[in-house]
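Next come the chains, spelled out residue by residue.
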Amino acid sequence: MAKLRVTLVKSLIGRKKDHIATANALGLRKIRKTVEVEGTPQVQGMIKKIDYLLKVEEV
């Protein structure tokens, strides 16, 4: 599995509750917060769901 660097680039204010919960599950609570995660199918599905809020890079 590839490592992915995921950064929250847009605010969570006013978003759907499940989108906020998905960002929180990835460990993203503040703008410009970055986490490194494994590129498992589960994580890729979470990223795809809120991709309009994120910047994703391969490490």
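One structure accompanies this document, and this report is about it.

The rules we used
- Positions within a chain are numbered from 1, following the residues in the order the chain's sequence is written.
- Since the coordinates come from a predicted model, pLDDT governs what is reported: local features require at least 70, and pairs of side-chain atoms require 80 or more to be given and counted, while whole-chain, interface and lining totals use all residues.
- Here the side-chain values reflect all heavy atoms present in the structure, with hydrogen atoms and water set aside.
- Numbered from the N terminus, helices here are DSSP runs of H or I no shorter than four residues, and strands are runs of E no shorter than two.
- Whether a residue is buried, partly exposed or exposed follows from its accessible area with a 1.4 Å probe, protein chains only, as a fraction of its type maximum: under 20%, in between, or over 50%, in that order.
- By definition, residues are in contact when any of their heavy atoms lie within 4.5 Å.
- Whenever a carboxyl oxygen of Asp or Glu lies within 4 Å of a side-chain nitrogen of Lys or Arg, that contact is scored as a salt bridge.
- The rule for pairing is simple: two strands pair if DSSP sees at least two bridges between them.
- Only C-alpha atoms enter the line fits that serve as axes; for helices the fit covers just the stretch in contact. Angles between N-to-C directions range over 0 to 180 degrees.

This part covers the side chain of T22. Considering the arrangement of structural elements, one finds T22 in helix α1 (residues 17–25). Taking the relative accessible area as the measure of exposure, T22 reaches 10% and is therefore buried. In this structure T22 touches M46, K49 and I50, once residues within four positions along its chain are discounted.

Summed over all chains, the structure comprises five salt bridges. A salt bridge links E38 to K3; its shortest N-O distance comes to 4.0 Å. A residue pair is termed long-range when its members are at least 10 positions apart, and E38 in strand β2 (residues 34–38) and K3 in strand β1 (residues 3–8) qualify at 35 residues. K3 sits in the partly exposed class, given a relative accessible area of 33%. Through salt bridges with shared partners, a single network forms among R5, E36, K55 and E57.

Turning our attention to the sheet that holds β2. Spatially, three strands are ordered β2-β1-β3 in an open sheet, and the strand pairing comes out antiparallel. The sheet terminates laterally at β2 and β3 (54–58), the two strands that pair on one side only. Ignoring which end each strand starts from, the neighbouring axes of this sheet average 25° apart. Inspection of the sheet shows β1 paired to β3 by five bridges, in the antiparallel sense. In the strand pairing of β3, R5 is matched with E57.

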